[in-house]
Each structure stands twice: as structure tokens, then as C-alpha cells.
Amino acid sequence: MTNEVYWRLGCFFSILIIMMLLEWQKPARKSPVKASTRWFANFSLVLISSVAARLIVPIGLTALAIYNTEQGIGLFNLLALPMWLVIILSFLLLDMLIYWQHRLFHQVPLLWRLHKVHHADPHVDTSTGLRFHPIEIVLSILIKLTVITILGVPALAVLVFEIVLNGFALFNHANIRLPKRLEHLLRLLIITQQLHRIHHSQRPDETNSNYGFSVVWWDKVFKSYKKAATLTDDNLNIGLKEFRRVNENSRLWTLLKIPFIKKQI
Ligand SMILES: [Zn+2]
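The structure displayed is predicted, hence computed values, not measured ones. (Residues numbered from 1 in each chain as written. Predicted model: local features only at pLDDT ≥ 70, side-chain atom pairs only at ≥ 80, totals over all residues. Heavy atoms only, no water.)

Visitor: Whenever I open this one, a nonpolar patch on the surface confuses me. Can you help?
Guide: On the surface, Trp84, Ile88, Leu92, Leu185, Leu188, Leu189, Trp217 and Val221 cluster together into a nonpolar patch covering about 830 Å² of accessible area. Elements represented by at least two residues in the nonpolar patch include exactly helix 5 (83-107) and helix 12 (217-221). Ranked by residue count, the leading element in the nonpolar patch is helix 5, at three residues. Along the chain, Leu185 falls in helix 9 (residues 180-186). (Patch = residues over 30% accessible without salt bridge, like charges linked within 9 Å, V, L, I, M, F, W, Y side chains within 5 Å. Areas by Shrake-Rupley, 256 points an atom, 1.4 Å probe, with all protein chains shown as cover. Salt bridge = Lys/Arg side-chain N within 4 Å of Asp/Glu carboxyl O. Helix = DSSP H or I, 4+ residues; strand = E, 2+ residues; numbered from the N terminus.)

Visitor: Mind showing me how you'd approach helix 8 (residues 155-173) here?
Guide: Given 3.6 residues per turn, any residue in an α-helix points the same way as the ones three and four places further on. For helix 8, spanning 19 residues, the distance from its first C-alpha to its last is 27 Å, which sits close to the expected 27 Å at 1.5 Å a residue. Counting buried positions along helix 8 gives 15 out of 19 residues, so the element sits mostly inside the fold. (Expected span 1.5 Å × (residues − 1). Buried < 20%, exposed > 50% of the residue type's maximum accessible area, 1.4 Å probe, protein only.)

Visitor: Would you mind showing me how to read unusual backbone geometry here?
Guide: Glycine aside, residues mostly have negative phi angles, and peptide bonds mostly take the trans form. Backbone geometry at Asn210 places phi at a positive 45 degrees, although glycine is not the residue there. Assignment of secondary structure puts Asn210 in the loop between helix 11 (204-207) and helix 12. Using a relative accessible area of 0% as the deciding quantity, one classes Asn210 as buried. Unlike most non-glycine residues, Lys223 shows phi in positive territory, near 60 degrees. With respect to the helices and strands, the residue Lys223 is situated in the loop between helix 12 and helix 13 (252-257). Residue class for Lys223 comes out exposed when judged on its relative accessible area of 73%.

Visitor: Where do I start with the coordination of the zinc ion in this structure?
Guide: Coordination angles at a metal have ideal targets, namely 109.5 degrees for four tetrahedral donors and 90 or 180 degrees for six octahedral donors. At the metal site, the zinc ion is ligated by His102 (NE2), His106 (NE2), His115 (NE2), His119 (NE2) and His199 (NE2), and these contacts range over 2.1 to 2.2 Å. Sequence spacing among the residues donating to the zinc ion works out to H-x3-H-x8-H-x3-H-x79-H. Remark: His199 occurs in helix 10 (residues 193-199) and His102 occurs in helix 5; sequence separation between them is 97 residues. A relative accessible area of 5% means that His102 is categorised as buried. (Donors = N, O, S within 2.8 Å, 3.2 Å for Na, K, Ca; no water.)

Visitor: Help me understand the packing of aromatic side chains, please; the structure alone is not making it clear to me.
Guide: We describe a pair of aromatic rings using the distance from one ring centre to the other and the angle between the two ring planes. Using the criterion set out here, one finds nine aromatic pairs in the structure. Consider the rings of Phe12 and Phe13, whose centres lie 5.0 Å apart with planes at 85 degrees: the pair is edge-to-face. Here Phe13 falls in the partly exposed class, since its relative accessible area comes to 41%. Consider the rings of Trp218 and Phe222, whose centres lie 6.4 Å apart with planes at 20 degrees: the pair is stacked. Relative accessible area serves as the criterion here: at 11%, Trp218 is assigned to the buried category. A network of ring pairs unites the aromatic residues Tyr99, Trp100, Tyr211, Trp217, Trp218 and Phe222 as a single cluster. The ring of Tyr225 is capped by Lys220, whose NZ or CZ atom sits 4.7 Å from the centre of that ring. (Phe/Tyr/Trp six-rings, centres within 6.5 Å; stacked < 30°, edge-to-face > 60°. Lys NZ or Arg CZ within 6 Å of the ring centre and 35° of its normal.)

Visitor: How do you make sense of the packing of helix 2 (residues 35-56) against helix 7 (residues 134-151) when you look at a structure like this?
Guide: Two numbers describe a pair of packed helices, the interaxial angle and the distance between the axes. Between helix 2 and helix 7, the shortest axis-to-axis distance is 8 Å and the interhelical angle comes to 45 degrees. Between helix 2 and helix 7, the angle falls in the class oblique. Crossing handedness for the pair helix 2 and helix 7: right-handed. Here helix 2 contributes Leu45, Ile48, Ser49, Ala52, Ala53 and Ile56 to the contact with helix 7, which in turn contributes Pro134, Ile137, Val138 and Ile141. (Axes fitted to C-alpha atoms, helices over the stretch in contact; angles between N-to-C directions. Parallel < 35°, antiparallel > 145°, perpendicular 65-115°, else oblique. Left-handed = near helix turned anticlockwise from the far one by under 90°. Contact = heavy atoms within 4.5 Å.)

Visitor: Teacher, can you tell me more about the environment of Trp39 here?
Guide: As for its placement among the helices and strands, Trp39 is situated in helix 2. Along the chain, Trp39 and Arg131 lie 92 residues apart, while their C-alpha atoms are 9.6 Å from each other. With residues up to four places along the chain from it excluded, the contact list for Trp39 reads Met20, Ser44, Asp125 and Ser127. Among the polar contacts listed, one links the side chain of Trp39 to the side chain of Asp125, at a separation of 2.9 Å. (Polar contact = N/O pair within 3.5 Å; in protein donor to acceptor, adjacent residues only side chain to side chain.)

Visitor: Got a minute to help me understand the nonpolar core in this structure?
Guide: Inside soluble globular proteins, nonpolar side chains tend to come together where they are buried. Leu94, Ile148 and Val153 are the most contacted members of the largest nonpolar core, which totals 25 residues. For this core, the elements supplying multiple residues, two or more each, are helix 3 (61-71), helix 5, helix 7 and helix 8. Ranked by size, the runner-up nonpolar core spans 11 residues in total, among them Val117, Ala120, Phe243 and Ile258. (Core = buried A, V, L, I, M, F, W, Y, C linked by side-chain atoms within 4.5 Å.)

Laid out in C-alpha cells, this is it:
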């Protein structure tokens, strides 16, 4: 666990660079806004969110997991299950939690105000995978801290889950289109870019589908899976109808204030 930061940052930047190179080589769709404008806002937002999270929730997820194990707190710390089983169960339960958390952020109006910042992006690329309001990030950490404690998730499982989840967020927002055969094979197991773009469609019935971040089966089990949108992946209208001024809503200040304003942009 001593190399946690290296593992996290190493995986994060490797996947980020690979995805951005693929987008640059063969973008799936054209952005309506200049890349530099969107990237400045989206990357600044992730920096602000990280600093805010550190200040508001100073304890890390893995640090809490270690403390729980030492003190014997949480379900898995009370049961004598083999480590491999605990890691698999932790991963599945945390992933299902993220699915439901995402769905809740769509369905509860107050939470949707926060999550709208992510969906107001008029284009979807790797940087969109980082575009979350600082309050949504802090809430998400608090939810994870609670569940990690109740379940007694071991630190290793927390670390692996965090790396995988962040990796998938970068992967499935990438503005790429996988080769058809590979795409059809992968979508049996994971949320591909094309499946996730349906979630970023302007049509409410399409936005309210494909909530999964990594594996595809939660959407199938909980009946929110949509294999195709009404329009093709090329012609899909991305973003939110109420945010028509695409340049305006690609500015950092707008992203920060979206949850607090009533008027449309
Ligand atoms: Zn969403």
C-alpha cells in the first residue's frame, strides 16, 4: 500500500494518454466547441474537485479501510472468508453501488442539479470522464467511505476498485469507435464508448439508460440497458437541450455555478 499514489497516478495517466492519442488519431465524432476551451474547463474542474475533496474529506478511502481492518469493523472483517473471495465480492458490491449512485443522481432533482454539470458537456471525450462538480465528488467519496466501513472492504480491494473505476471512466468517455467486431464482443461484458454515448444523448429516455461505468450487467439486471439510440452514433445529439450555448457551458465558471442557477444557458 506504500506505493498507492504511484499506482493510482501511473494507471490514470497511462490510460488518459492512450485514450487521448486514439481520439487524436481517429476521432469518432467532431466537437462543436474548440478542444482547448473544453479541455481547460474539464481539466481545471478535476483539479478543483481533487483539492476540494482532500480539504473536506481528509481521510483517504484506503486509509479508512486499513483502520477498519485493524479495528475489526465491518462485515468482511467479522467473517472469516478467503481473501480472494472478499476481493471479488467487494469489487462487485462497490460496482453495483456506483451503478445505483449514478442512477440516483439522475432521479433525485437536487442530485441531478450536480450531475447536470457532467451531462451539459456538448461533446463526449476522455476529458468528459473527469467533468464532475466538486460537490458531486465529495458526496460520492462520503457514500464510498460509508459503504467501505459497513462492508469492511480491505484496502487492496478499495485501491484496485478505484483504479479500475477511474480507468473505465476515461475509457468509456473516449471519443473513439472500436472496430465493429471488437465492439460487439466487448459490449457483452463492459460498457463501450458507443453504449456510453447513448447515456449522453439529449433524449431523456436515452440519458436515463446505460448507467453502468464498467461492467454491462447491472444495466441488464436492473432493466436500464439500451443497446441502440434512435439516431446513429454519428448523428446522436449529445448534451442537454436546455444548455444550447455550447461555448458558454464549456467555461469553468459556468460549470461551477450550474447546480445553483435556475435559468438555462
Ligand atoms: Zn449520468
